[in-house]
Amino acid sequence: ISLDSNQWKGVISKCTKLKSLSFEFCSDISDQTFQNCKANLEKLVIRDTQNTLGTFLKNVNFHNLRKLSMIGIPIKENAVIEGLSLLKDLQQLSLNRCFISDNFVSRVLPMLPNLKELSLCCLNIQTKCLEPIADLKQLEILRLHMNSGVTNYLIEKICKNCSNLT
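Before going into details, it helps to say that this report is about the structure given with it.

What counts and how
- Residues numbered from 1 in each chain as written.
- Predicted model: local features only at pLDDT ≥ 70, side-chain atom pairs only at ≥ 80, totals over all residues.
- Heavy atoms only, no water.
- Pairing = 2+ DSSP bridges.
- Helix = DSSP H or I, 4+ residues; strand = E, 2+ residues; numbered from the N terminus.
- Axes fitted to C-alpha atoms, helices over the stretch in contact; angles between N-to-C directions.
- Salt bridge = Lys/Arg side-chain N within 4 Å of Asp/Glu carboxyl O.
- Buried < 20%, exposed > 50% of the residue type's maximum accessible area, 1.4 Å probe, protein only.
- Polar contact = N/O pair within 3.5 Å; in protein donor to acceptor, adjacent residues only side chain to side chain.
- Contact = heavy atoms within 4.5 Å.

### Quick notes on the sheet that holds strand β3 (residues 67-71)
In step 1: Taken in spatial order, the six strands make up an open sheet running β1-β2-β3-β4-β5-β6, and their pairing is parallel. Whereas interior strands pair on both sides, the edge strands pair on one side only; in this sheet they are β1 (20-24) and β6 (141-143). The average undirected angle you get between the axes of adjacent strands in this sheet is 0°.
In step 2: As paired strands, β3 and strand β4 (residues 92-94) are joined by three bridges and run parallel to one another. Opposite S69, over in β4, you have S94 as the bridge partner.

### Considerations on the pattern of salt bridges
In step 1: Enumeration over the complete set of coordinates arrives at five salt bridges.
In step 2: The salt bridge partner of R47 is E24, with a shortest N-O separation of 3.5 Å. Taken together, the residues R47 in strand β2 (residues 43-47) and E24 in strand β1 connect sequence positions 23 residues apart.
In step 3: We note a salt bridge from R47 to D48, for which the minimum N-O separation is 3.3 Å.
In step 4: Classification of D48 as buried rests on a relative accessible area of 18%.
In step 5: Where salt bridges share partners, they join E24, R47, D48 and R97 into one cluster.

### Some remarks on the environment of C159
In step 1: Inspection of the secondary structure puts C159 in helix α6 (residues 152-161).
In step 2: Using a relative accessible area of 52% as the deciding quantity, one classes C159 as exposed.
In step 3: Each C-alpha atom, one on C159 and one on A134, is 7.7 Å from the other, the two residues being 25 residues apart in sequence.

### Quick word on the side chain of E117
In step 1: Along the chain, the position of E117 falls in strand β5 (residues 117-119).
In step 2: Engagement of the side chain of E117 in a polar contact is seen with the side chain of R143, the distance being 2.6 Å.
In step 3: Each residue touching E117, except ones within four places of it in the same chain, is listed here: Q91, Q92, L93, L139, I141 and R143.

If you want it as structure tokens, here you go:
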């Protein structure tokens, strides 16, 4: 469907039963698209949309959101951290190819103890900032490929502490 940001805003505000939404390579999508969102989303995918910074997370009530993928977007870190802190029941998080700092990762992971799936691929994050992964006791699936901070030490620590990994 080809809609501009304002048209999507209207769709999202009226479709209250919408459970899953995916925007991939949509140049017209921005954080303002999610204003007045009434959808009861459980899954949201935003991929390669350069006008979306993730600031909508702190302004929109996504209390039922369980799966969040923000892939290849220039995240505004403080706003996303604030938004993620409200998603206590988030079970899946993907931040592949996002422009994020070491500090962002080390602050976000401890806030999401219920994560079952985590994907932090194609990032340049230091090993010490990835260490909080080992504290995610519910973790079942972990993707860290093409990440410069992955070391044998980190893998051993994660394997030792995350007994649910498959």
